Amino acid sequence: MQIDRSDHIVVTGATGFLGHHLLPVLRTRYPQVRITPLCSKDYELMDPAQVEAMFIERVPTVVVHLAGLSGGIGVNTRRPADLFHWNLLLTENLFSACAAHGVRKLVYPMGGCAYPAGAASPVSEAQMWNGRPDASSAGYAMAKRMGLVASAVYRQQYGLTSVVLVPGKMYGEHDNYSLADSHVIPALIRRCHEAKRANAPAVTLWGSGAPKRDFVYAGDVANCIPFFIDHDEYTGPVNISSGTATTIRDLADLIARLSGFDGRLEWDAAKPEGQLESVFDVSLLNSLGLSCDTGLDVGLRRTIEWFAANYDTPGAVRL
């Protein structure tokens, strides 16, 4: 796909986590192209009438659909129906509108939790339909998995060109640091930072620390996305991650050290911790000449320094 100055790239959910990393990448990669970031204050994308208004008023030729409702184990436990409902509507509304309005390319990232529970690690794209997702995030995961179905059927019936991308466990600046609904890295960063400030002797963490996860710096994911805007031959899913396994215990130790917290890390094994291992096969990504090479220690240091520098600035960090 040849992007030129007549194109208009619209990014939904642009004020969210990945959007903050993606917009500078897009502006550098396509300096002559109009790029419009949108958020829920602009249009309520769960409402088909507002979705229609957005396409009529903005006339995008490329859509990167980042809008969604997500979170860690806590919010998946409390609000599984909300996560299913919101994300299913957002998926259907955007795919159908892109098809109806002749959008040239739709880029749709989804969560790696959509892979089947117990899928053999490293998890390859071929395993996506081999079973149900882990029960701890099934509502969100199944709604996002429907993006693969939507991508296939809207291509078949309407000729909509789309690609589904599967980032690993992203982390980085501008993440959601709310203790009520954040993922593991921002939650650990906030808890260690606040414990250090309060001179707390210990921090209690969920689970045993044994599960292994594949963490990827959000800036690396953002850097991969222009490739999939430019190339129509890839429909996905395509894993975008580091392909490296890290235990939650090792992660917590590293975050505590980089945060300067020297108290105890105590583990509450009665709390849920999700599936035991989730690490991605990135062979396909690497075969395309792409990779996510920011080391965990480097990415975490950047993220922790950003969080500490912005913690006391009202509105700068989502707490």
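In this report, the structure presented in the accompanying data block is examined. (Residues numbered from 1 in each chain as written. Predicted model: local features only at pLDDT ≥ 70, side-chain atom pairs only at ≥ 80, totals over all residues. Heavy atoms only, no water.)

### Quick look at unusual backbone geometry
Reasoning step 1: The amide bond that connects Ser121 to the next residue, Pro122, takes the cis arrangement and shows omega of 0°.
Reasoning step 2: Residue placement: Pro122 occurs in the loop between strand 4 (105-109) and helix 5 (138-158).
Reasoning step 3: Residue Pro237 is reached from Gly236 by a cis peptide bond, and omega for that bond is 5°.
Reasoning step 4: Here Pro237 shows up in the loop between helix 7 (218-230) and strand 10 (238-240).
Reasoning step 5: Although it is not a glycine, Val59 sits at a positive phi angle of roughly 50°.
Reasoning step 6: Residue placement: Val59 occurs in the loop between helix 2 (48-58) and strand 3 (62-65). (Helix = DSSP H or I, 4+ residues; strand = E, 2+ residues; numbered from the N terminus.)

### Digging into the pairing of strand 5 (residues 162-167)
Reasoning step 1: Among the six residues of strand 5, six are classified as buried, and the element is accordingly described as predominantly covered.
Reasoning step 2: Burial along strand 5 is two-sided: Ser162, Val164 and Val166 and Val163, Leu165 and Pro167, pointing in opposite directions, are all buried.
Reasoning step 3: Handedness of the strand 4-helix 5-strand 5 crossover: right-handed.
Reasoning step 4: The sheet contact formed by strand 5 and strand 10 spans three bridges and is parallel. Each bridged residue has a counterpart across the sheet, and for Pro167 the counterpart in strand 10 is Ile240. (Buried < 20%, exposed > 50% of the residue type's maximum accessible area, 1.4 Å probe, protein only. Right-handed = clockwise from strand over helix to strand, strands pointing away. Pairing = 2+ DSSP bridges.)

### Section: the nonpolar core
Reasoning step 1: Within the largest apolar cluster, 71 residues are counted, with the highest numbers of intra-cluster contacts made by Ile9, Val11, Phe55, Phe228 and Ile229.
Reasoning step 2: In this structure Ile229 touches Met1, Ile3, Leu26, Tyr30, Val62, Val64, Lys105 and Val107, once residues within four positions along its chain are discounted.
Reasoning step 3: Counting 27 residues, the second largest nonpolar core, distinct from the first, contains Leu251, Ala252, Ile255 and Leu265. (Core = buried A, V, L, I, M, F, W, Y, C linked by side-chain atoms within 4.5 Å. Contact = heavy atoms within 4.5 Å.)

### Some details on the pattern of salt bridges
Reasoning step 1: According to the stated counting rule, one finds seven salt bridges in the structure shown.
Reasoning step 2: Note that Asp7 is salt-bridged to Arg104, the shortest N-O span being 2.6 Å. Here Asp7, found in the segment before strand 1 (8-12), pairs with Arg104, found in the loop between helix 4 (80-100) and strand 4; they are 97 residues apart in sequence, far enough to count as distant.
Reasoning step 3: Look at Asp7 and you get buried, because its relative accessible area is 3%.
Reasoning step 4: Here Asp232 and Lys105 are joined by a salt bridge, their closest N and O atoms 3.0 Å apart. With Asp232 in the loop between helix 7 and strand 10 and Lys105 in strand 4, the pair connects residues that are 127 residues apart, well separated along the chain.
Reasoning step 5: On the basis of relative accessibility, which here comes to 30%, the residue Asp232 falls in the partly exposed class.
Reasoning step 6: For Lys105, a relative accessible area of 0% corresponds to the buried category. (Salt bridge = Lys/Arg side-chain N within 4 Å of Asp/Glu carboxyl O.)

### Some thoughts on the sheet that holds strand 8 (residues 212-213)
Reasoning step 1: Taken in spatial order, the three strands make up an open sheet running 11-8-13, and their pairing is mixed. Here the strands that pair on one side only, and so sit at the sheet edges, are strand 11 (246-247) and strand 13 (277-278).

### Considerations on the sheet that holds strand 10
Reasoning step 1: Strand order across the open sheet formed by six strands is 2-1-3-4-5-10, with parallel pairing between neighbours. One side of each edge strand has no neighbouring strand; the edge strands of this open sheet are strand 2 (34-37) and strand 10. Ignoring which end each strand starts from, the neighbouring axes of this sheet average 20° apart.
Reasoning step 2: Two strands pair when backbone bridges link them, and strand 4 and strand 5 are joined in this way by four bridges, in the parallel orientation. Each bridged residue has a counterpart across the sheet, and for Leu106 the counterpart in strand 5 is Ser162.
Reasoning step 3: Lying on the sheet, helix 1 (residues 17-29) is in contact with strand 1, strand 2 and strand 3; it crosses strand 2 at an angle near 170°.
Reasoning step 4: Seen against the sheet, helix 4 touches strand 1, strand 3, strand 4 and strand 5 and runs at an angle of roughly 175° to strand 3. (Axes fitted to C-alpha atoms, helices over the stretch in contact; angles between N-to-C directions.)

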